[in-house]
2 protein chains.
Amino acid sequence: MERIPILKLGDVLLVSIHDELQDQRVLTLQEDLAEKLGSTGAHGLVIDISAVEIVDSFIGRMFATIASISRLFDADTVVVGMRPAVAITLVELGLPLGNVRTALNLEKGMAILAKLAAARGVTTIEDEDEPVYDPPVQASP
Amino acid sequence: MERIPILKLGDVLLVSIHDELQDQRVLTLQEDLAEKLGSTGAHGLVIDISAVEIVDSFIGRMFATIASISRLFDADTVVVGMRPAVAITLVELGLPLGNVRTALNLEKGMAILAKLAAARGVTTIEDEDEPVYDPPVQASP
């Protein structure tokens, strides 16, 4: 089973979900996320679900579970790119999104996380002396 | 067949490839990318392949093809997160990566694109009057 890659951008983690998720894969993702949140000290997590067309109650609860886990690592969670049909299904299923915030797209989600971090007094990478990006490493000639 | 989502972050597009790609899906991705490059005016494209464990010659050529397409839309392409086994395979297959640059991870890839854009005198979104991020829209209470 392939794992869902977790990308790091500044002090935000980014997960993009492509397929309809199997339950086991969701559990693996939760473990990977917890590990990565701990190892990176990220203050935010963006879950992109723009490719997700169908949700069931298990997937719906996943968002709240992941957000609760992130909370324990002092990180906020934003779900971005929700399709209208998915939003309607979540409401019809009566699923609580818990601590999950939502945004229209990745950029707006990143903006929310930056505001939340600032409001909580988190030292973001931008505030530190080190630059956000390391000097580029260029492999091809 | 599900499409691979293309995320937009500032004036960079981001594609994360999770699975071993079928040929038809690659063609669809190329079309989607060309359309998105045209509609957004992005100056860069990052392809994350950290979840890709196996490549064949078709996939190997895909990178060069996508980079050539991006070039026509005045955008640079960086492939990030390549696994060691994939790198070895690409060399053994003798596949030319063409205009494709590579970087260790997403952050370094973004840094390369920012430098390339600056070198080419591209007006990045940061230079314009409008803020990079719109005011956050918050859906959950």
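Right above here is the structure, for reference.
Figured I'd write up the structure that's included with this text.

Criteria and thresholds
Residues numbered from 1 in each chain as written. Chains lettered and ligands numbered in written order. Predicted model: local features only at pLDDT ≥ 70, side-chain atom pairs only at ≥ 80, totals over all residues. Heavy atoms only, no water. Axes fitted to C-alpha atoms, helices over the stretch in contact; angles between N-to-C directions. Helix = DSSP H or I, 4+ residues; strand = E, 2+ residues; numbered from the N terminus. Parallel < 35°, antiparallel > 145°, perpendicular 65-115°, else oblique. Left-handed = near helix turned anticlockwise from the far one by under 90°. Contact = heavy atoms within 4.5 Å. Buried area = accessible area lost by both parts, 1.4 Å probe. Salt bridge = Lys/Arg side-chain N within 4 Å of Asp/Glu carboxyl O. Polar contact = N/O pair within 3.5 Å; in protein donor to acceptor, adjacent residues only side chain to side chain. Nonpolar A, V, L, I, M, F, W, Y, C, P; charged D, E, K, R; others polar. Expected span 1.5 Å × (residues − 1). Buried < 20%, exposed > 50% of the residue type's maximum accessible area, 1.4 Å probe, protein only. Pairing = 2+ DSSP bridges.

1. Considering the packing of helix α1 (residues 23-40) of chain A against helix α2 (residues 57-72) of chain A
Residues and elements named next belong to chain A.
Part 1 of the reasoning: Where α1 meets α2, the axes come as close as 10 Å, and the angle between the chain directions of the two elements is 15°. Overall, the two elements α1 and α2 adopt an arrangement that is roughly parallel. The interaxial crossing formed by α1 with α2 has right-handed handedness. Contact residues: D23, V26, L29, Q30, L33, A34 and L37 in α1; F58, I59, M62, T65, I66, I69 and S70 in α2.

2. Section: the interface of chain B and chain A
Part 1 of the reasoning: On the side of chain A, 35 residues touch chain B, which itself brings 35 residues to the contact.
Part 2 of the reasoning: Counting the surface chain B buries against chain A, the share from its top three residues, E2, H18 and E107 of chain B, is 19%.
Part 3 of the reasoning: Counting the contacts that link chain B with chain A gives two salt bridges.
Part 4 of the reasoning: Of the charged contacts, one joins K8 of chain A and E107 of chain B as a salt bridge, the two residues approaching to 3.2 Å between their closest N and O atoms.
Part 5 of the reasoning: In this structure, the connection of chain B to chain A is made through seven residue pairs in polar contact (both at pLDDT 80 or more).
Part 6 of the reasoning: Sorting the residues of the side of chain B that touches chain A by element identifies β1 (6-9), β2 (12-16), β5 (101-103) and α4 (106-119) of chain B as the ones contributing at least two each.
Part 7 of the reasoning: When residues in the side of chain B that touches chain A are grouped by element, the largest group, seven residues, is from α4 of chain B.
Part 8 of the reasoning: Along the lines of polarity and charge, the residues of the side of chain B that touches chain A split into 16 nonpolar, seven polar and 12 charged.

3. As for α2 of chain A
The periodicity of an α-helix, 3.6 residues per turn, causes residues three or four positions apart to be oriented the same way.
Residue and element names in this part refer to chain A.
Part 1 of the reasoning: Counted at 1.5 Å a residue, the expected span for α2 with its 16 residues is 22 Å, and the 23 Å between its end C-alpha atoms agrees.
Part 2 of the reasoning: Every buried residue belonging to α2 is among I59, G60, M62, F63, A64, I66, A67 and S70, and all of these are buried.
Part 3 of the reasoning: Taken together, the buried residues of α2 touch α1, β3 (44-48), β4 (76-80) and α3 (84-92).
Part 4 of the reasoning: Two or three places before F58, at the start of α2, stands the capping residue D56, its side-chain oxygen 3.2 Å from that residue's backbone nitrogen.
Part 5 of the reasoning: Directly after α2, the chain includes D74, whose backbone phi takes a positive value near 65°.

4. Looking at the sheet that holds strand β2 (residues 12-16) of chain A
Residues and elements named next belong to chain A.
Part 1 of the reasoning: On the basis of which strands lie adjacent, the open sheet formed by five strands has the order β1-β2-β3-β4-β5 and mixed pairing. Of all the strands in the sheet, just β1 (6-9) and β5 (101-103) have a single pairing partner and so form its edges. With direction set aside, neighbouring strand axes in the sheet form an average angle of 25°.
Part 2 of the reasoning: Relative to β2, β1 runs antiparallel, the two sharing four bridges. Bridging across to β2, L9 finds its partner in V12.
Part 3 of the reasoning: Lying on the sheet, α2 is in contact with β3 and β4; it crosses β4 at an angle near 150°.

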